[in-house]
Amino acid sequence: MKKLFALLAVAGLAHGAQAAEVVGKAKDAADKKIAMCIGCHAIPGYKASFPEVFQVPMIGGQSAKYIEAALKAYQKGERKNPTMRGIAGSLTEQDIADLAAYYSQQK
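Residues numbered from 1 in each chain as written. Predicted model: local features only at pLDDT ≥ 70, side-chain atom pairs only at ≥ 80, totals over all residues. Heavy atoms only, no water.

It is worth spelling out the confidence of the model for the chain at this point. This prediction gives the chain a mean pLDDT of 85; 82% of its residues lie at or above 70. Of all helices and strands in the chain, the one with the weakest mean pLDDT is helix α1 (residues 2–18) (51), whereas helix α4 (residues 64–76) scores best (97). In the predicted structure, residues 3–7 sits below a pLDDT of 50 and forms zero contacts with residues beyond four places in sequence or in another chain. (pLDDT = per-residue confidence, 0-100. Helix = DSSP H or I, 4+ residues; strand = E, 2+ residues; numbered from the N terminus. Contact = heavy atoms within 4.5 Å.)

Attention shifts here to the pattern of salt bridges. Tallied over the entire structure, the rule returns three salt bridges. Here Asp95 makes a salt bridge to Lys33, at a shortest N to O gap of 3.1 Å. Here Asp95, found in helix α6 (residues 93–104), pairs with Lys33, found in the loop between α2 (26–31) and α3 (35–41); they are 62 residues apart in sequence, far enough to count as distant. Since its relative accessible area comes to 15%, Asp95 is described here as buried. Close ionic contact of Glu93 with Lys72 constitutes a salt bridge, the shortest N to O distance being 3.8 Å. Here Glu93 is found in helix α6, whereas its partner Lys72 is found in helix α4, with 21 residues between them in sequence. Assessed through its relative accessible area of 28%, Lys72 is described here as partly exposed. One connected set of salt bridges, linked through shared partners, spans Lys33, Asp95 and Asp98. (Salt bridge = Lys/Arg side-chain N within 4 Å of Asp/Glu carboxyl O. Buried < 20%, exposed > 50% of the residue type's maximum accessible area, 1.4 Å probe, protein only.)

With that settled, consider the packing of aromatic side chains. Under the counting rule described, the total for this entry stands at one aromatic pair. Here the aromatic rings of Tyr102 and Tyr103 are separated by 5.0 Å at their centres, their planes lie at 90 degrees, and the arrangement is edge-to-face. In terms of burial, Tyr102 and Tyr103 fall into one category: buried. (Phe/Tyr/Trp six-rings, centres within 6.5 Å; stacked < 30°, edge-to-face > 60°.)

Running from N to C, α4 and helix α5 (residues 82–89) point in directions that differ by 100 degrees, and their axes come no closer than 8 Å. In terms of orientation, α4 lies roughly perpendicular with respect to α5. Together, Leu71, Tyr74, Gln75 and Lys76 of α4 and Met84, Arg85, Ala88 and Gly89 of α5 make up the contact between the two elements. Across the contact of α4 with α5, the residue classes break down as four nonpolar, two polar and two charged. (Axes fitted to C-alpha atoms, helices over the stretch in contact; angles between N-to-C directions. Parallel < 35°, antiparallel > 145°, perpendicular 65-115°, else oblique. Nonpolar A, V, L, I, M, F, W, Y, C, P; charged D, E, K, R; others polar.)

Right under this line is the structure:
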């Protein structure tokens, strides 16, 4: 019986660790994850023409919370842009946190 309680306690701790808040790591985003962002968001004055012509915002220096919220809104379809919906839809929670941490540290 003691072994069963010990096993349940360990399982509970493991589940608690999985439910922990995702923390963004800017260094993790730098190498691979930003490649899909820099083609548009790193060009001053860049305008995209799909699905319509619009000014692409510079995201460097935005708050991490704002970037996270924007990416999650694209994932859910609350923000309307097919390109960003596709990109955001491919991101994990950790990807979003890492990208937000990275871009919030840029100027």
